[in-house]
Amino acid sequence: MKGYIKADRNHFMQAGLVLTGISVNIIFSFIMNRLGLPLFLDTIGTIGVAMLGGYFYGIFTAVSTNFLCAIYNSNAVYFSCINATVAIFTVYYFRKKTGKKIKDIIYYILIVGSFSGFLSAVIKLGILDKSHYSIVEDAANAFVVNAHFSLFFAAVLVNILLSIFEKGIAIGVVLLIERYIPEKYLEIFGKGKWKQKPLSSEDIKNMREQNKSIRHSVRVREAVTLIATSGILVVAMAWIALNFYFDDSKEEKKQNAYSAAKFAAEVVDPAMIDTYLKLGKAAEGYLETEKMLNKIKESSSGVKYLYLVKIREDGCYFIFDAESEDTEAYELGTKVEFDKEFLPYLPKLYAGEEIEPIESSGIGGWLLTVYYPLKDEAGNCVCYVGCDVSIDNMAQYMIKFLFKVMLVIAGLFIFIISYALWKTNLYITYPIGSMTACVDQFASVEDDQKKLDENVKKIRSLDIHTNDEIEKMYQAICQMTLNQAEQMRSIRYLSESTAKMQDGLIITMADMVESRDSDTGAHVQKTAAYVKIIAEGLKKKGYYLEKVTPKFISDCVRSAPLHDVGKINISDEILNKPGKLTDEEYEIMKTHTTAGKMIIEKAISTVQGGSYLKEARNMATYHHERWDGKGYPEKLHGEVIPLSARIMAVADVFDALTSPRVYKPAFPLEKALAILEEGSGTQFDPKCVEVFMDSLVEVKAILKKYHGNE
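Note that this is a predicted model, so its numbers are computed, not measured.

**A closer look at the overall build of the protein chain**
Part 1: Looking only at helices and strands, one finds 25 helices and 6 strands in the protein chain.
Part 2: Counting over 710 residues, the protein chain shows a buried share of 44%.
Part 3: Considering only residue pairs separated by 6 or more positions, the protein chain has 65% of its internal contacts joining residues 24 or more positions apart.
Part 4: Carbon and sulfur atoms make up 59% of the accessible area of the protein chain, which totals about 38,300 Å².

Okay, here's the thing in structure tokens:
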């Protein structure tokens, strides 16, 4: 319960940080707006929240600020994407830097100030058609006059300089405040809202390093899917909205054109058309009609051209052409060729029928033309009233409108993407990544019980609580790893019990053989100790690294007591003979190696998996082989002799030299060592003798243990 209360308190403080950041932004922005200064100062809170709380909180602060500032400054929403980008760069820049040095701060101010200043200028001048403040316009004009810059370039430069100054103030205020925030609060702000044990930046970095081998991570796939889906949805909605808007606007323009054409038709006397063409302006009522048409054009919204034409086979002849600001009016009787857009409608025009509005593009621009037939009392078409409305302005407006919509959507888009990625990280990426790292470590420790137990604790300490399938999987992994560790503990206990039983049997067998030999007291214990010294010495020196592993050393030490097991086949008369053996007796004695081989091979075939017995067989069979190939039973030489047998050869001979026998007394240590050195390279493996000589302190300790002061 205390943990949840603490988590709620942390979340409350993080929410307070965001609200404080938004409030600071709005207050400073409102003051600057009311004072009419060319500074916004609406990123102080954004930079502070981004630096302390991370990506999502910084982006949320930025976008929320701009949408709330629209209450008193309607253009503020168009800059939300810029401020969101400032938040992203702030987190990226300062979390990559280990310290906030003056050089780093200056670089940050220049980069962010230049970026936001340039984009702000483009939005103000290219989309909003104004620089907002006369001070900026005056400064830009000064650059134009004195430095001969273009007006656009000068305005961009002024905006960049102001933005750099503004960002310098913002980062200065943030760093000053940060110095006085207690460390514990900084830690709470930086933790975020976790659904597991919080990960440090180093933990996240290591997790991503481990996942580099993954071709398509969950995080990347979710991000790509979300961006693609959102992008397609935004484009589709924008396209549909613009099409609806364009169609509605065009319909409105068409209706305006029809209204103007009908009104014009009402003020023109159809019976006078031929007279107007024949007599021109001298005809009665011509000038008055022309004046009325001019007034109709001026009073009709969106009408660019208003005229009357007579359609004939060779072209259309102008009767009236209302005045226009951008083009000269056609003189009475002027013949104009038909535009290509009109060609499909010529049969209807010749017949005096009404036609659909026609879109055309030419010198006059992109136009929508309405032809309304002017009919006499008999219902015959005497001419057409033409009315052109321009669609150019509508297209330009739509382009600007589209950019405005995209700017507003861009800020929301960045916020939605950041929110989705934030949630994906909290609920999917970080929990799965943490579990994967722990499970990989758990799988790599093999049979090390201590490390297994440590990994079980580490997995359980993740404390994942997403309340969904991820948490269920986490609980299953916790239970599985715990069961695995306990199972390994049970297996290890059984294995150790079995090994102790096997070792006991080995010692018992060795003792049975040793008890028949009256002169080999503690021989198996001493040779096993010497074998351990030599094997560990080889490993320490780096000799035979591929062979001398911890398992090999263990197998050799466990197998050493069986090296003379074959002597059980030798009669007591020969085994305990006090004098020198005859040649025939010696040949019989030599058979203890092959007899030992047969005994252990039978044991190997009976005890499945007893790999240590393989070294016992090698020792029993070959411990009387010589390095120079003059030994027995197979006259092997050099490294062809199994390493365990070469080790045992040194241990066996040294113990025989330093122990009393019925046929000889024990040799002094110095003489025994001299005999070993003399046999190095002929009877013994030189490396085995070398490491034995380097371990005389341990050797003497064993001699003292079993021989005392003798």
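**A closer look at empty space enclosed by the protein**
A water-sized probe rolled over the atoms picks out the places where empty space is left.
Part 1: Under the definition given, this model contains 4 cavities of 30 Å³ or more.
Part 2: By volume, the largest cavity is sized at about 250 Å³.
Part 3: Forming the walls of the largest cavity are 24 residues, and the residues nearest its centre are Phe40, Asp42, Ser120, Lys124 and Glu166.
Part 4: Counting only elements with at least two residues in the lining of the largest cavity, the list comes to helix 3 (55-69), helix 4 (80-96), helix 5 (102-127) and helix 7 (151-179).
Part 5: When residues in the lining of the largest cavity are grouped by element, the largest group, 5 residues, is from helix 7.

**Let's talk about a nonpolar patch on the surface**
Part 1: Nonpolar side chains collect at one region of the surface, where Ile27, Phe30, Ile31, Leu35 and Leu37 lie side by side and expose about 440 Å² of accessible area between them.
Part 2: For Ile27, the location among the structural elements is in helix 1 (residues 2-35).

**Focus: the packing of aromatic side chains**
Part 1: Scanning the model with the defined rule gives 28 aromatic pairs in all.
Part 2: Their ring planes at 20° and their centres at 4.4 Å tell us that Tyr286 and Phe320 sit as a pair that is stacked. Of this pair, Tyr286 sits in helix 12 (residues 286-299) while Phe320 sits in strand 2 (residues 315-321), and the two are 34 residues apart along the sequence.
Part 3: The class for Tyr286 is buried, based on a relative accessible area of 2%.
Part 4: Three or more aromatic residues joined by ring pairs form one cluster here, namely Phe56, Tyr57, Phe60, Phe415, Tyr419 and Trp422.
Part 5: One residue, Arg312, lies across the ring of Tyr317, its end atom 4.9 Å from the ring centre.
Part 6: Sitting over the face of the ring of Tyr544, Lys687 holds its NZ or CZ atom 4.8 Å from the ring centroid.

**Side note on the pattern of salt bridges**
Part 1: Overall, the coordinates contain 15 salt bridges when judged by the stated rule.
Part 2: With its nearest N and O atoms 3.1 Å apart, the salt bridge here joins Asp694 to Lys541. Residue Asp694 is located in the loop between helix 24 (686-693) and helix 25 (696-707), and its partner Lys541 is located in helix 17 (residues 523-541); the two are separated by 153 residues in the primary sequence.
Part 3: Ionic pairing is found between Arg617 and Glu601, a salt bridge with its closest N-O pair at 4.0 Å. Highlighted residues: Arg617 in helix 21 (residues 612-622) and Glu601 in helix 20 (residues 583-606), separated in sequence by 16 residues.
Part 4: With a relative accessible area of 26%, Arg617 lands in the partly exposed category.
Part 5: For Glu601, a relative accessible area of 33% gives the class partly exposed.
Part 6: One salt-bridge network, held together by shared partners, links Lys541, Glu690 and Asp694.

**What about the nonpolar core?**
Part 1: In this structure, Tyr530, Leu538, Ile647, Phe654 and Phe692 are the most contacted members of the largest nonpolar core, which totals 36 residues.
Part 2: Secondary-structure elements contributing two or more residues to this core are helix 17, helix 18 (550-559), helix 22 (643-658), helix 23 (669-679), helix 24 and helix 25.
Part 3: It is helix 22 that provides the largest number of residues to this core, a total of 8 residues.
Part 4: With near-sequence residues (within four places) excluded, Ile647 lies in contact with Val531, Ile534, Ala535, Leu538, Phe552 and Cys688.
Part 5: Membership of the second largest hydrophobic core comes to 32 residues, among which are Phe246, Ala257, Val268 and Tyr276.

**Topic: the packing of helix 22 against helix 24**
Part 1: Relative to each other, helix 22 and helix 24 sit at 50°, their axes nearing to 9 Å. Classified by the angle their axes make, helix 22 and helix 24 are oblique. The way helix 22 lies across helix 24 gives a crossing that is right-handed. Of the residues in helix 24, those in contact with Arg646, Ile647, Val650 and Phe654 of helix 22 are Cys688, Val689 and Phe692.
Part 2: In terms of residue class, the contact of helix 22 with helix 24 is made up of 6 nonpolar, no polar and 1 charged.

**Observations regarding unusual backbone geometry**
Part 1: Note the cis peptide between Tyr632 and Pro633, where omega equals 15°.
Part 2: Relative to the assigned elements, Pro633 resides in the loop between helix 21 and helix 22.
Part 3: Although it is not a glycine, Lys635 adopts a positive phi angle of roughly 55°.
Part 4: Relative to the helices and strands, Lys635 resides in the loop between helix 21 and helix 22.
Part 5: Look at Lys635 and you get exposed, because its relative accessible area is 56%.

**Focus: the confidence of the model for the protein chain**
In low-pLDDT segments, the atomic positions of the prediction should not be examined closely.
Part 1: On average, residues of the protein chain score 82 in pLDDT, and 85% of them are at 70 or above.
Part 2: Taking the mean pLDDT of every element in the protein chain, the minimum, 57, falls on helix 6 (residues 134-147) and the maximum, 94, on helix 24.
Part 3: Long-range and interchain partners of residues 1-6, a stretch whose pLDDT sits below 50, account for 0 contacts in this model, where long-range means more than four residues apart.

**Section: helix 24**
Part 1: Of all the residues in helix 24, the buried ones are Cys688, Val689, Val691, Phe692 and Met693.
Part 2: Buried residues along helix 24 sit against helix 17, helix 22, helix 23 and helix 25.
Part 3: The N-terminus of helix 24 is capped by Asp685, whose side-chain oxygen sits 3.0 Å from the backbone nitrogen of Lys687.

**Digging into the packing of helix 2 (residues 44-53) against helix 3**
Part 1: One way to put it is that helix 2 packs onto helix 3 with a least axis distance of 7 Å and a crossing angle of 165°. One finds that helix 2 runs roughly antiparallel with respect to helix 3. In this structure, the crossing between helix 2 and helix 3 has a hand that is right-handed. Together, Gly45, Thr46, Val49, Ala50 and Gly53 of helix 2 and Tyr55, Tyr57, Gly58, Thr61 and Ala62 of helix 3 make up the contact between the two elements.
Part 2: Residues of the contact of helix 2 with helix 3, tallied by class, amount to 5 nonpolar, 5 polar and no charged.

**Some details on the environment of Ser299**
Part 1: In this fold, Ser299 is placed in helix 12.
Part 2: Note: C-alpha distance between Ser299 and Ala260 (39 residues apart in sequence) is 9.0 Å.
Part 3: For Ser299, the side chain forms a polar contact with the main-chain oxygen of Ile296, separated by 3.1 Å.

**Description of the pairing of strand 6 (residues 381-390)**
Part 1: Extensive coverage of strand 6 is indicated by the burial of 9 of its 10 residues.
Part 2: Two strands pair when backbone bridges link them, and strand 1 (residues 303-312) and strand 6 are joined in this way by 6 bridges, in the antiparallel orientation. Paired with Val309 across the two strands is Tyr384, which belongs to strand 6.

**Some remarks on the environment of Val220**
Part 1: The topology assignment puts Val220 in helix 10 (residues 218-267).
Part 2: Taking C-alpha positions, Val220 is 9.3 Å from Leu421, a pair spaced 201 residues apart along the chain.

Conventions and cut-offs
- Residues numbered from 1 in each chain as written.
- Predicted model: local features only at pLDDT ≥ 70, side-chain atom pairs only at ≥ 80, totals over all residues.
- Heavy atoms only, no water.
- Helix = DSSP H or I, 4+ residues; strand = E, 2+ residues; numbered from the N terminus.
- Buried < 20%, exposed > 50% of the residue type's maximum accessible area, 1.4 Å probe, protein only.
- Contact = heavy atoms within 4.5 Å.
- Areas by Shrake-Rupley, 256 points an atom, 1.4 Å probe, with all protein chains shown as cover.
- 1 Å grid on protein atoms, 1.4 Å probe; cavity = no way out; pocket = protein on both sides within 12 Å on 5 of 7 lines; lining within 4 Å.
- Points joined across faces, edges and corners; volume = space filled by probe spheres on them.
- Patch = residues over 30% accessible without salt bridge, like charges linked within 9 Å, V, L, I, M, F, W, Y side chains within 5 Å.
- Salt bridge = Lys/Arg side-chain N within 4 Å of Asp/Glu carboxyl O.
- Phe/Tyr/Trp six-rings, centres within 6.5 Å; stacked < 30°, edge-to-face > 60°.
- Lys NZ or Arg CZ within 6 Å of the ring centre and 35° of its normal.
- Core = buried A, V, L, I, M, F, W, Y, C linked by side-chain atoms within 4.5 Å.
- Axes fitted to C-alpha atoms, helices over the stretch in contact; angles between N-to-C directions.
- Parallel < 35°, antiparallel > 145°, perpendicular 65-115°, else oblique.
- Left-handed = near helix turned anticlockwise from the far one by under 90°.
- Nonpolar A, V, L, I, M, F, W, Y, C, P; charged D, E, K, R; others polar.
- pLDDT = per-residue confidence, 0-100.
- Polar contact = N/O pair within 3.5 Å; in protein donor to acceptor, adjacent residues only side chain to side chain.
- Pairing = 2+ DSSP bridges.

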